[in-house]
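# Observations on the model geometry
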Amino acid sequence: MLKRLLHSALIVLASLAPAAAYETKASAAWVYDLTTQTVLLEKDADIPLPPASMSKLMTLNMLFEALRAGTVSMDTQFSVSTRAKEMGGSTMFLNEMDRPTVEELIRGIVINSGNDACVVVAEGLAGSEETFSRQMTERARALGMSNSTFMNSSGWPAEGHRMSLHDLGILATRLITEFPEYYPYFAMTGFNYEDRAPSNANNRNPLLGLGVGADGLKTGHTQEAGYGLVGSAEQNGRRIVFVISGLTSEAERRQEAEALTNWAFRQFVLRTLAKGGTRLAEAEVHMGAAEMVGLVVENDLTLLLPALALAQEGIKAEAVYHGPISAPIAAGQVLGELVLDLPDMEDIRVPLVAEADVPVGGFGKHLSVAASALMARVSGS
């Protein structure tokens, strides 16, 4: 028998309402609350699209992994090939006589969006950009980025060079969480290698310095891709990651990025719904020393919820278990789940565990159960 119980302790949920759906101007978008691992918005997020310079984040991931493995250090110097020097678009203005360090190349990729710096890294780590591109694709697939294929290290327009915005979000989340020692580079606003490129010395991220907590990650633009941004911001202990693509201008990208950031922080709120150990429901026990066992959340139940109140549509909560549950039962044993039904969002499911031990019932209990079963048969015959 499937038991569904709604405990009065969660009646607070009825006053919470869904956030108004955000209508983004971007042709594709993905917004993620990293603190609670909640997707707030998806729009064509799993379609492989031209990523432009946003795919430079994968080149940086490969470089950070090499640093972590010890195959290079921040002081390691790389040579510059003629191919790297001749890259067009955004550059550090490197030449064959230069020997930039890994640290300088990180700055050149993050801040200057240097196509030449990406080729230097690719050739320095893998021998050729073609080999490096294959390695990038293989590594992306291993990291769960199934809609990413790389034809080069810089995001230069090329047939088949594609990433989904969801994949870019996975990558951004990885850079933030796995490489905290290098993440501060994404918040740096200026770098002018050898005083060669004053016109290209500023970080293009339009959110840096706006006071919204932004500290990364990477812009992108080509005629085919439009204007895009992989961004992240932190406010009051919450961090969001977002990816937008297909905007028509720098101004529209800036306005949409700021609007999305404000929406993500203002339309959702962290709320502790129940403390760990709080009894939220009870489950029937079969052949136990007690007839009921409390169902509790093991840890504090803190969730990201829509912030606006809407009287006619709230959030439903129910405790679900298959019962009665046969004894013995151990405290902390998972017996069911709490299901939260949030409008315009996926259901949230949280394990419910036994509040206390329930041993098998004694001889008298067994007789009582047996007698009850017999009487049920007699009455039903």
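Heads up: the structure comes first, above all this text.
Residue numbers here run from 1 along each chain, matching the order of that chain's written sequence. The predicted nature of this model means local features are confined to residues of pLDDT at least 70 and side-chain atom pairs, given and counted, to a pLDDT of 80 or more, with totals for whole chains, interfaces and linings taken over all residues. Processing note: side-chain calculations cover all non-hydrogen atoms of the structure and skip hydrogens and water entirely.

## Notes on helix H1 (residues 56-69)
Over its 14 residues, H1 runs 20 Å from end to end, which matches the ideal 20 Å to within 8%, given 1.5 Å per residue. Each residue is assigned to one of three classes by its accessible area relative to the maximum for its type, calculated with a 1.4 Å probe on protein chains only: buried under 20%, partly exposed between the two thresholds, exposed over 50%. Secondary structure follows DSSP: runs of H or I at least 4 residues long count as helices, runs of E at least 2 residues long count as strands, and numbering of each begins at the N terminus. For H1, every residue scored as buried is listed here: Lys56, Leu57, Met58, Thr59, Leu60, Asn61, Met62, Leu63, Phe64, Glu65, Ala66 and Leu67. Should any heavy atoms of two residues lie within 4.5 Å, those residues are counted as being in contact. Where H1 is buried, its residues meet helix H3 (102-110), helix H4 (115-126), helix H5 (129-142), helix H6 (165-178), strand E4 (214-222) and strand E5 (226-235). In this scheme, a helix's expected span is set at 1.5 Å multiplied by one less than its residue total.

## Concerning the nonpolar core
If you look at the biggest cluster of nonpolar residues, it comprises 56 residues, and the most contacted ones within it are Phe64, Ile106 and Phe186. Of all the secondary-structure elements, those providing two or more residues to this core are strand E2 (28-33), H1, H3, H4, H5, H6 and strand E6 (238-247). At 8 residues, H1 tops the list of elements feeding residues into this core. Sequence-distant contacts of Ile106, defined by excluding residues within four places in its chain, comprise Leu60, Leu63, Phe64, Leu67, Met74 and Tyr185. Within this scheme, the nonpolar core is defined by two criteria: the residues are buried Ala, Val, Leu, Ile, Met, Phe, Trp, Tyr or Cys, and they are joined through side-chain atoms within 4.5 Å. Formed by 27 residues, the second largest nonpolar core is a distinct cluster that contains Ala283, Ile329, Leu340 and Leu352.

## Description of the sheet that holds E6
Think of it this way: DSSP has to see at least two bridges between two strands before they count as a pair. On the basis of which strands lie adjacent, the open sheet formed by 5 strands has the order E3-E2-E6-E5-E4 and antiparallel pairing. Either end of the sheet is taken by a strand with one partner, and the two such strands are strand E3 (38-43) and E4. Direction aside, the axes of adjacent strands within the sheet are offset by 5° on average. Relative to E5, E4 is paired through 8 bridges, and the arrangement is antiparallel. Across the sheet, Thr219 pairs through a bridge with Leu229, a residue of E5. Helix axes are fitted only over the stretch in contact, all axes being lines through C-alpha atoms; the angle between N-to-C directions runs from 0 to 180 degrees. Each of E2, E4, E5 and E6 touches H6; the most contacted strand, E6, lies at about 145° to it.

Function cannot be read off these values alone, since they describe shape.
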